[in-house]
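So the chains spell out like this:
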Amino acid sequence: QYIFCYRGTGANDIGVALSVMSLGGYRLFYVANWVRKRVQSPEYFDAISWIGGFVEISFFFDYLLSIFTGASLLKSVVLKVDKKVIELPRGFLCLDVV
């Protein structure tokens, strides 16, 4: 969804905005859950979950930044990566449906 928004094709679509805002809000509850777990169980450690959540929340905050200021820190990087994925040889990522 973020790539769709970064391309500009769905930037003004209320359905896309509602979807991204809902998922972003849900992901913010990740943080609250991690804090609660860490406070209740000091031995709690889940690095993979924290790294994945940090990446997801970074995309969400960048989306909010792009909506409110028109600037995006991740847009150019994400679109470059997306362009390279599209340019990969057919079948490289095993995405072909038989």
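Residues numbered from 1 in each chain as written. Predicted model: local features only at pLDDT ≥ 70, side-chain atom pairs only at ≥ 80, totals over all residues. Heavy atoms only, no water.

### What to know about the overall build of the protein chain
Moving on, step 1. Summing up its helical and strand segments, the protein chain has four helices and zero strands in all.
Moving on, step 2. Reading the secondary structure of the protein chain in the N-to-C direction produces α-α-α-α.
Moving on, step 3. Relative to its 98 residues, the protein chain shows a buried fraction of 19%.
Moving on, step 4. As displayed, the protein chain has an accessible area near 7,400 Å², and 68% of this comes from carbon and sulfur atoms. (Helix = DSSP H or I, 4+ residues; strand = E, 2+ residues; numbered from the N terminus. Buried < 20%, exposed > 50% of the residue type's maximum accessible area, 1.4 Å probe, protein only. Areas by Shrake-Rupley, 256 points an atom, 1.4 Å probe, with all protein chains shown as cover.)

### Side note on a nonpolar patch on the surface
Moving on, step 1. The grouping of Met21, Ile67 and Phe68 at the surface amounts to a nonpolar patch, some 330 Å² of accessible area in total.
Moving on, step 2. A relative accessible area of 67% places Phe68 in the exposed class. (Patch = residues over 30% accessible without salt bridge, like charges linked within 9 Å, V, L, I, M, F, W, Y side chains within 5 Å. Salt bridge = Lys/Arg side-chain N within 4 Å of Asp/Glu carboxyl O.)

### A few points about the pattern of salt bridges
Moving on, step 1. Scanning the model with the defined rule gives one salt bridge in all.
Moving on, step 2. Between Arg27 and Glu56 there is a salt bridge whose closest N-O contact spans 3.4 Å. One end of the pair, Arg27, is in helix α2 (residues 14–40); the other, Glu56, is in helix α3 (residues 47–69), and 29 residues separate them in sequence.
Moving on, step 3. Overall, Arg27 belongs to the buried group, its relative accessible area being 16%.

### A word on the packing of aromatic side chains
Moving on, step 1. On inspection of all chains with the given rule, the structure shows five aromatic pairs.
Moving on, step 2. Summarising the aromatic geometry, the rings of Tyr26 and Tyr30 are spaced 5.4 Å apart at their centres and angled 70° between planes, so their arrangement reads as edge-to-face. You can see Tyr26 and its partner Tyr30 sitting in helix α2, four residues apart, about one turn around the helix.
Moving on, step 3. Look at Phe45 and Trp50: their rings are 5.2 Å apart centre to centre, the planes differ by 80°, and that puts the pair in the edge-to-face class.
Moving on, step 4. Here Phe45 falls in the exposed class, since its relative accessible area comes to 62%.
Moving on, step 5. The exposure class of Trp50 is partly exposed, given its relative accessible area of 25%.
Moving on, step 6. Ring-pair connections join several aromatic residues into one group, and the members of that group are Tyr26, Tyr30 and Trp34. (Phe/Tyr/Trp six-rings, centres within 6.5 Å; stacked < 30°, edge-to-face > 60°.)

In short, the description is geometric, and any link to function would need to be established separately.
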